[in-house]
Amino acid sequence: MKALSFRQPGLKDGRAVYELIKNSPPLDLNSCYCYLLLCDHFSKTCILTEYRSQLAGFISSYRHPEKQDTLFVWQVVVHKDMRGRRIAGQMLDRLISEGAPWASYIETTVTPSNDSSLRFFQNFAEMHETSCRTMRYMTKDLFCDDSHEEEILLRIGPL
Ligand SMILES: CC(C)(COP(=O)(O)OP(=O)(O)OC[C@H]1O[C@@H](n2cnc3c(N)ncnc32)[C@H](O)[C@@H]1OP(=O)(O)O)[C@@H](O)C(=O)NCCC(=O)NCCS
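Computed from a prediction, not measured in an experiment: that's the story for all the values here.

**Q** Quick question: what am I supposed to make of the overall build of the protein here?
**A** Each helix and strand in the protein was counted, giving four helices and seven strands. Ordering the α and β elements of the protein from the N terminus gives β-α-α-β-β-β-α-β-α-β-β. On C-alpha atoms alone, the protein measures out to a radius of gyration of 15 Å, which is about the 15 Å that the 2.2 N^0.38 rule sets for 159 residues. Taken along its principal axes, the extent of the C-alpha atoms in the protein is 40 × 35 × 30 Å. Across the 159 residues of the protein, 45% fall into the buried class. In the protein, the share of contacts with a sequence separation of at least 24, taken over all contacts with a separation of at least 6, comes to 63%. Accessible surface computed for the protein: about 9200 Å², of which carbon and sulfur atoms make up 50%. Once the 19 positive and 20 negative side-chain charges of the protein are each reduced to a mean point, those two points are 7 Å apart.

**Q** Would you mind going over the sheet that holds strand β7 (residues 151-157) with me for this structure?
**A** Whenever strands of a sheet pair, they do so through backbone hydrogen bonds, lying parallel or antiparallel. Strand order in the open sheet formed by seven strands is β1-β2-β3-β4-β5-β7-β6, with mixed pairing between adjacent strands. Each of the sheet's edge strands pairs with one partner strand only, and the pair in question is β1 (4-7) and β6 (131-138). On average, each strand axis in the sheet is tilted by 25° relative to the strand beside it, whichever way the strands run. Set on the sheet, helix α2 (residues 32-41) makes contact with β2 (46-51), β3 (54-63) and β4 (70-78); between it and β4 the angle comes to about 125°.

**Q** Which parts of the structure should I look at to understand the nonpolar core?
**A** Among the nonpolar cores identified, the biggest contains 27 residues, and Ile59, Leu71, Val73, Val76, Leu92, Ile106 and Phe121 are the most heavily contacted of them. Among the secondary structure elements, those contributing two or more residues to this core are β1, β3, β4, α3 (87-99), β5 (105-110), α4 (115-127) and β7. Sorting elements by how many residues they give to this core places α3 first, with six residues. Contacts of Ile106, omitting those with residues within four sequence positions, involve Thr70, Leu71, Val73, Leu92, Ile96, Phe124, Leu154, Arg155, Ile156 and Leu159. Membership of the second largest hydrophobic core comes to 13 residues, among which are Ile21, Tyr35, Phe58 and Val77.

**Q** I'm lost on the pairing of β2 in this one. Help?
**A** One face of the sheet, then the other: side chains in a regular strand alternate in exactly this way. When you tally the buried positions in β2, you get five out of six residues, the bulk of the element. Relative to β2, β1 runs antiparallel, the two sharing four bridges. In the strand pairing of β2, Ser5 is matched with Glu50. Bridge count for β2 against β3 is six bridges, and the pairing is antiparallel.

**Q** What is the right way to look at the packing of aromatic side chains in this model?
**A** Two measures describe an aromatic ring pair: the distance that separates the ring centres and the angle between the ring planes. Inspection of the entire model under this criterion finds four aromatic pairs. Ring pairs connect the aromatic residues Phe120, Phe121 and Phe124, which therefore count as one cluster. A cation over an aromatic ring shows up here: Arg63 above the ring of Trp102, its NZ or CZ 4.0 Å from the ring centre. Against the face of Tyr105 rests Arg155, its NZ or CZ located 4.0 Å from the ring centre.

**Q** What should I look at first to understand the site of the ligand in this one?
**A** Around the ligand, the surrounding shell holds 17 residues, and the nearest of these are Val76, Val78, Gly84, Arg86 and Asn114. Here an oxygen atom of the ligand and a backbone polar atom of Arg85 are 3.1 Å apart. Between Arg119 and the ligand, the recorded distance is 2.9 Å, taken from a side-chain N or O atom to an oxygen atom. Of all the secondary-structure elements, those providing two or more residues to the shell around the ligand are β4, α3 and α4. Residue composition of the shell around the ligand, grouped by class: seven nonpolar, six polar and four charged.

Reading the values: rules and limits
Residues numbered from 1 in each chain as written. Predicted model: local features only at pLDDT ≥ 70, side-chain atom pairs only at ≥ 80, totals over all residues. Heavy atoms only, no water. Helix = DSSP H or I, 4+ residues; strand = E, 2+ residues; numbered from the N terminus. Rg over C-alpha atoms; globule rule 2.2 N^0.38 Å. Buried < 20%, exposed > 50% of the residue type's maximum accessible area, 1.4 Å probe, protein only. Contact = heavy atoms within 4.5 Å. Areas by Shrake-Rupley, 256 points an atom, 1.4 Å probe, with all protein chains shown as cover. Lys, Arg positive; Asp, Glu negative; His and termini not counted. Charge placed at Lys NZ, Arg CZ, Asp CG, Glu CD. Pairing = 2+ DSSP bridges. Axes fitted to C-alpha atoms, helices over the stretch in contact; angles between N-to-C directions. Core = buried A, V, L, I, M, F, W, Y, C linked by side-chain atoms within 4.5 Å. Phe/Tyr/Trp six-rings, centres within 6.5 Å; stacked < 30°, edge-to-face > 60°. Lys NZ or Arg CZ within 6 Å of the ring centre and 35° of its normal. Near = heavy atom within 4 Å. Polar contact = N/O pair within 3.5 Å; in protein donor to acceptor, adjacent residues only side chain to side chain. Nonpolar A, V, L, I, M, F, W, Y, C, P; charged D, E, K, R; others polar.

As structure tokens, then:
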């Protein structure tokens, strides 16, 4: 898609990211403070995309503290009007090449009912001709909120 631009976020983007996540169920909405910190301290491993100067997508991730070759993807979001155009994949490719060239593996979690998210990560693995393994990780009983689904761990790689 033409007119899409990609860049690392900064402190001033935190609020817009918060608003985008707020309007993107079923994502968990974290505090505005959390997004401000992510956009500042973790800007290297986060990326945003803009369409006509409006925020159209965002990925937060960080280097796994116990696995130095693994990028843990925390949240991926694309504006609801722009889904289905492989924008999330473009963001993740750029994030890795520019901010995390050391990443050989990607880990993330998905809830079993989130088909779009699961498809996105499976497609990403296929595009990179690598495997996507699934493991049980955060079971339902671990969450404070009874209505929270379990979170399955996906491990993609080697890239
Ligand atoms: C998951 C998400 C980031 C994918 O972004 P995207 O740029 O639309 O990704 P893709 O274009 O690669 O599409 C991925 C899948 O989304 C689904 N999809 C396609 N068009 C869609 C649309 N208009 N609306 C919703 N989902 C759609 C399809 O299942 C597609 O897989 P397929 O092409 O194999 O059928 C996006 O759907 C989103 O922001 N969802 C809400 C937030 C969320 O759940 N994030 C993931 C958990 S962290």
